[in-house]
There are 2 protein chains.
Amino acid sequence: MFKPIGAALLATAMLASGAQAQTAAPLDEDIETTTLSLIEQAKSDAVGLKFIEDLTTEVGQRLAGSDEEARARDWSVAELTELGFDEVRVEAFEIPFWSRKSEAVSVVSPAPQNLVATALGGSAATPAGGVTGEVIRFESLAELQAAPISQVDGKIVFIDEETIATMDGSGYGMGVRKRSGCARAASDKGALACLIRSVGTQPHRMPHTGIMARDGAEGAGPAAAVSGPDADQLTRLLTRGPVIVSVDIQTEIKTNAPSGNVIAEVTGTDLKDEIILLGCHLDSWDLGTGALDDGAGCGIVVGAAKLIAELPERPRRTIRVVLYGAEEVGLFGATAYARAHGDHLDKHVLAAESDFGAGPIWRFQTRFGEAALPYARTIQNLLMPLGVTRGDNRAFGGPDIGILARSGVPVVTPGQNGIDYFDYHHTPDDTFDKIDPDEFRQNVAVYAAFAYIAAETGWDFRAQPEPASAATE
Amino acid sequence: MFKPIGAALLATAMLASGAQAQTAAPLDEDIETTTLSLIEQAKSDAVGLKFIEDLTTEVGQRLAGSDEEARARDWSVAELTELGFDEVRVEAFEIPFWSRKSEAVSVVSPAPQNLVATALGGSAATPAGGVTGEVIRFESLAELQAAPISQVDGKIVFIDEETIATMDGSGYGMGVRKRSGCARAASDKGALACLIRSVGTQPHRMPHTGIMARDGAEGAGPAAAVSGPDADQLTRLLTRGPVIVSVDIQTEIKTNAPSGNVIAEVTGTDLKDEIILLGCHLDSWDLGTGALDDGAGCGIVVGAAKLIAELPERPRRTIRVVLYGAEEVGLFGATAYARAHGDHLDKHVLAAESDFGAGPIWRFQTRFGEAALPYARTIQNLLMPLGVTRGDNRAFGGPDIGILARSGVPVVTPGQNGIDYFDYHHTPDDTFDKIDPDEFRQNVAVYAAFAYIAAETGWDFRAQPEPASAATE
């Protein structure tokens, strides 16, 4: 006999598959009005964009653990204080420090020429004067891993794998695996060094740096990225016969370098112990000025929080802006935050992080409790005029707040169009001029809107469905 | 009383204003058929593109006077011989040699940071360790020239003038004036060094090098180009207060370095002493691999000449391909050629040079005698299906053949669309991947077509009108 499935069980099945609710939760009319006015104000926001311009001009690059990152913390504390935020402070921690001193990659034979290359973060140094060896090319990390030691020993490995440009940045994952794994796999087989085709999506001689594996790169060899055109050049040379390359990477390393998270708040009222966390990261790679990665994210969350702070009345919950330190080199700020605030993560009612440039937000992704999904629908309905469509309920959060999401903190990921993000990130080209002001302000509008609603409604984004009643049997 | 103007005088007036003829000259049917078949074959040409690929891969950059330029000559002689050209040879000459050894430009205060910069060709070296001084910004070279010494003395000059992207490259002229004049004007007023906004049209941190004045830079100070985003950064910093910059440029110079023109021919038949010269330059700047500037030009003229060489019958006149040496640093190859061949310039019936990348040709410009203009019309009519429209009769020729044009040699300038040429030229980004094969082959088709017609018809492109008869009075 046919047995109808219970409504609650059906909902569970749907939501586990990542679908968001079909129905919206009702929203107080005043809150809706204020939200729409925040969105309108964001369209001419000056604070967020100026934050990026000033940070990238008056500080410039902000390599984790460097003097410049320290300067960025001081600058941010002064700026956030000047903007009138509450509880502006630094939560300090220490990290291992790595910096390039010099890098040179060149073809020795058959056609002597320089290649445009950049050392990967955490790369070992070569002996002074570099290492010289024959290049062995692989199409992928997997191919290197499968190669016999005899084929690799004493050579310079070259992994020539392209990065695919996608709107959601998903092509980056494969690139990161290659970037993370090459030095370890190469030196395990006796290679002198590893070169990878830069993890990037543009045709310029502008290689992308980036961290190697946080774990597993210890003791691995030197590693550098060559630009796309240089990877093509190496490949063309290899079709003509053996190629000898020289790799010379000199680095500076320190233990216990200072870093820290910069925190600022818009203190709430009757629910001020409950926190809406808006994150970004303050550190950048050393080649550009970190405008897209992640000056943009900081400008977005600071701009959004400032709009909320300027409302005639503060919302009920506290908006906490966290400018994480040392994200690029291993999410050290994320770990430090979770350690420092681990005893009240239950008070973190919602978290979001902007770390994917300044492209327009096109979908509203969440990771909410199942009964809270109508709230996502309500918010997304309000954002629809900004071009924000429905997302799924499988949001990752972001690199720094992933640890919070894994601890059960509900997260929002406003999905940006990042089709050109990997044209710039981790290169010298990550500069202020690459930010489109209108697209940037659309981001500010989205963050201001959902953060305000979350702060003012008191909604519980962890909410789970009531247990199914036996009556449905 | 009204006096009608003579027909010949009218024609003279029209032509002096640069207009081309309205009527075409008749063309032998066999020649037309062969021309159309050359155009068809060019559409799948492999020789020209392979020439660029091999040259830029197997040699790479070819700085004038360097070992690499010498290698490029050897490579070209071997390649052109292999391709079956006649009379393959090098006409050697010597040049002063300049090369960068190192360059570093950085902001010392208020916000210490590196700027992406490249020394200009011929720049003086700084003392070891560089020079450090306050930046003074000018909107243009003229503004610097008008400034009092007291304002400039002891400072580092920065000329922040943009380059305008145009199809015909005319925006480059202003940029070159700034590049040529800055060091001289700056050091005349006691400046420590000169920085210019890079002469380029792209938004990347990819500064363009290029020669300073061939005359007048002697004894002038150090000079470098900063990329567009770095120029913006300097300007933003200057709006905030005084900016101190350090400029460290180290160079290598030699007198009497070897260079040379590589020459190859398709020997004609009954008119073999009459020469159709097709030129390009073999040297390049040192940052890229000189694919667009001017590997492309060499590929175009070699590809076109090779198509003609493969015809069942050789055309009547000789096609001479000249790969000029040391163009970038002061047109030394052009001067050497004119000196070596000055006694038979009258035998040069036509010259053309390709040195503006590989963008599609859109107009057919000439500098012909007035009575020869119907020939231009005939040729352009045949090229119209390739998208080549009528040009004027004021063609400049090209950098290396300008000296021939000024000596009365008729020239053709197939005008390319160079709207993005100054995105790449003189930068690391001038690499093989930037060449569009189809656009490149359209160039080969155009060169093959007009060179063949000129060689086979025996037309006199110097032809002047018969003196006007007194009867027209």
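Quick caveat: nothing in here was measured; it's all calculated off a predicted structure.

S.K.: Honestly, the overall build of chain A in this entry has me stumped. Any pointers?
M.R.: Helix and strand content of chain A: 14 helices and 14 strands. In terms of overall size, chain A behaves like a compact globule, its C-alpha atoms giving a radius of gyration of 24 Å where 473 residues would be expected to give roughly 23 Å. For chain A, the proportion of its 473 residues judged to be buried stands at 56%. Across chain A, contacts joining residues at least 24 apart in sequence account for 83% of those joining residues at least 6 apart.

S.K.: What should I look at first to understand the pairing of strand β14 (residues 411-416) of chain B in this one?
M.R.: Each regular strand shows side chains that alternate between the opposite faces of the sheet. All names here are of chain B. Here β14 lies mainly inside the structure; 6 of its 6 residues are buried. Pairing geometry for strand β11 (residues 348-353) and β14, over 2 bridges, is parallel. Among the inter-strand pairings, Ala-351 is bridged to a residue of β14, identified as Val-411. Inspection of the sheet shows strand β12 (residues 361-367) paired to β14 by 6 bridges, in the antiparallel sense. Paired with Arg-363 across the two strands is Gly-415, which belongs to β14.

S.K.: Explanation requested: the packing of helix α3 (residues 47-58) of chain B against helix α4 (residues 67-82) of chain B in the structure shown.
M.R.: All names here are of chain B. Remark: α3 packs on α4, axes separated minimally by 11 Å, with the N-to-C direction vectors making an angle of 145°. As for the relative orientation of α3 and α4, their crossing is right-handed in sense. Within the contact between the two elements, α3 uses Phe-51, Asp-54, Leu-55 and Glu-58 and α4 uses Ala-72, Trp-75 and Glu-79. Of the residues contributing to the contact of α3 with α4, the split by class is 4 nonpolar, no polar and 3 charged.

S.K.: I tried to follow the domain arrangement of chain A on my own but got confused; where do I start?
M.R.: Residues and elements named next belong to chain A. Taken domain by domain, chain A consists of domain 1 (20-96 + 256-457) and domain 2 (111-242). Inter-centroid distance (C-alpha atoms) of domain 1 to domain 2 is 33 Å. Counting from both sides, the interface comprises 18 residues of domain 1 and, opposite them, 19 residues of domain 2. Ranked by residues supplied to the side of domain 1 that touches domain 2, first place goes to helix α13 (residues 421-424) with 3 residues. Across the side of domain 1 that touches domain 2, the residue classes break down as 8 nonpolar, 7 polar and 3 charged.

S.K.: What exactly am I supposed to notice about the interface of chain B and chain A here?
M.R.: Reports of interface size often rely on the accessible area that becomes lost once the parts have come together. Counting from both sides, the interface comprises 21 residues of chain B and, opposite them, 21 residues of chain A. Broken down by element, the residue count for the side of chain B that touches chain A peaks at 5 residues, all from helix α8 (residues 228-240) of chain B. A class-by-class count of the residues in the side of chain B that touches chain A yields 8 nonpolar, 7 polar and 6 charged.

S.K.: Explain the relation of the copies chain B and chain A here, please?
M.R.: The two chain copies are related to each other by a rotation about an axis together with a translation along it. In screw terms, the move from chain B to chain A is a rotation of 180° and a rise of 0.0 Å along the axis, fitting with an RMSD of 0.0 Å. Such a combination of rotation and displacement between the chain copies is what one expects of a two-fold axis. Interface overlap between copies: 100% of the residues of chain B at the interface are likewise at the interface in chain A, consistent with a symmetric, same-surface contact.

How each quantity is defined
Residues numbered from 1 in each chain as written. Chains lettered and ligands numbered in written order. Predicted model: local features only at pLDDT ≥ 70, side-chain atom pairs only at ≥ 80, totals over all residues. Helix = DSSP H or I, 4+ residues; strand = E, 2+ residues; numbered from the N terminus. Rg over C-alpha atoms; globule rule 2.2 N^0.38 Å. Buried ≥ 20, exposed ≤ 12 C-beta atoms within 10 Å, placed from the backbone. Contact = placed C-beta atoms within 7 Å. Pairing = 2+ DSSP bridges. Axes fitted to C-alpha atoms, helices over the stretch in contact; angles between N-to-C directions. Left-handed = near helix turned anticlockwise from the far one by under 90°. Nonpolar A, V, L, I, M, F, W, Y, C, P; charged D, E, K, R; others polar. Domains from an automatic or database assignment. Least-squares fit on C-alpha atoms with pLDDT ≥ 70 in both.

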